[in-house]
Structure formats: structure tokens, C-alpha cells
Amino acid sequence: LDRERVAIANVLKCRPPENRDPTSEEKELCTPWLDRQIELLDPRVIVPLGRHAAMHLLGVEEPMGRMRARVHERKGRKLVPTFHPAFLLRSPGMKKECLQDIQLAMKEL
């Protein structure tokens with residue numbers, strides 16, 4: 001995809017201190033901003049990168065292995081969760097699975 005056709009948004013609109021995992025309260029406070037971004041961008045497919053983003057957007061608490069490798073529908077939108085880029089830097093052997101997720105998202109387009 002051309003970069004002009006891709007948008008990037010974060011669940012949190014600021015980085016937590018010491019780059020710790022976001023709290024439920026922090027995610028809840030930022031949700032209206034993210035929801036509005038999604039509404040304005042009106043994406044055909046959302047690819048949450050990482051477990052926190054996927055759990056937040058899907059409204060579930062599951063391991064990434066249960067969320068990825070399939071198309072989900074939530075609030076009338078298609079989501080294809082995959083690994084966070086930082087995880088892939090630590091676990092380069094998982095890049096193949098990530099590519100499969102991206103290909104699945106591309107099929108939905």
C-alpha cells in the first residue's frame with residue numbers, strides 16, 4: 001500500500017511513564033479520541049499492532065495467538081490483529097506469521 005493510503009493511530013495519545021504498559025484508566029480516557037479518529041478515517045480494515053491494541057479494539061482479554069490469523073468484526077469494522085513491531089524485533093522468527101496476517105488484511109481490501 002502507498003503510505004498515503006495508510007493511517008497510524010495509537011490507543012494512548014501520550015506515552016506512559018517509563019514506557020510501561022497502559023492502565024485500563026488511561027485507555028478509557030483516550031478511547032473517545034481513538035474512536036473519533038477511526039470514525040473520521042473510516043478505514044475498510046484495521047490492523048491492530050500488538051496485544052494491547054488488539055484487546056482494546058476487540059474488547060477481549062486474550063493472548064495474541066488467539067486473536068491473530070483471522071478477521072474479526074467489531075462495531076461494523078473488520079480487524080486483523082498482528083504482532084507489534086517491537087515484538088518482531090525481539091522475535092524475528094515470527095515475521096512470517098505477521099506477513100500472513102498482513103496478507104489476510106490485504107485480501108479484505
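Quick note: structure is the one above.
Definitions and cut-offs
Residues numbered from 1 in each chain as written. Predicted model: local features only at pLDDT ≥ 70, side-chain atom pairs only at ≥ 80, totals over all residues. Heavy atoms only, no water. Disulfide = S-S within 2.5 Å. Pairing = 2+ DSSP bridges. Helix = DSSP H or I, 4+ residues; strand = E, 2+ residues; numbered from the N terminus. Axes fitted to C-alpha atoms, helices over the stretch in contact; angles between N-to-C directions. Parallel < 35°, antiparallel > 145°, perpendicular 65-115°, else oblique. Contact = heavy atoms within 4.5 Å. Nonpolar A, V, L, I, M, F, W, Y, C, P; charged D, E, K, R; others polar. Salt bridge = Lys/Arg side-chain N within 4 Å of Asp/Glu carboxyl O. Buried < 20%, exposed > 50% of the residue type's maximum accessible area, 1.4 Å probe, protein only.

Enquirer: Please set out the state of the cysteines residue by residue, giving values where relevant.
Expert: For the structure on display, the rule yields zero disulfides. Looking at the unpaired cysteine 14, the closest cysteine sulfur is the one in cysteine 30, lying at 5.6 Å.

Enquirer: For the sheet that holds strand 1 (residues 45-46), give the residues involved together with the corresponding values.
Expert: The mixed open sheet is built from three strands, whose spatial order is 1-3-2. Each having just a single partner strand, strand 1 and strand 2 (72-74) make up the two edges of the open sheet.

Enquirer: Please provide a residue-by-residue account of the packing of helix 1 (residues 24-41) against helix 2 (residues 51-58), values included.
Expert: At their nearest, the axes of helix 1 and helix 2 sit 12 Å apart, and the two run at 75° to each other. Taken together, the axes of helix 1 and helix 2 are roughly perpendicular relative to one another. Across the interface between the two elements, Lys27, Thr31, Leu34 and Ile38 of helix 1 pack against His52, His56 and Leu57 of helix 2. Classifying every residue of the contact of helix 1 with helix 2 gives three nonpolar, three polar and one charged.

Enquirer: Could you give an account of the pattern of salt bridges, with specific residues and numbers?
Expert: Using the criterion set out here, one finds six salt bridges in the structure. The partner of arginine 68 in a salt bridge is aspartate 101, and the shortest N-O contact between them spans 2.9 Å. Separated by 33 residues along the polypeptide, arginine 68 in the loop between helix 3 (64-67) and strand 2 and aspartate 101 in helix 5 (residues 95-108) bring together distant segments of the chain. Across the pair, exposure class does not vary: arginine 68 and aspartate 101 are buried alike. The partner of glutamate 108 in a salt bridge is lysine 78, and the shortest N-O contact between them spans 2.7 Å. In this pair, glutamate 108 sits in helix 5 while lysine 78 sits in strand 3 (residues 77-79), placing the two residues 30 residues apart along the sequence. For glutamate 108, a relative accessible area of 29% puts it in the partly exposed group. For lysine 78, a relative accessible area of 28% translates into the label partly exposed.

Keep in mind that these numbers describe shape and distance, not what the molecule does.
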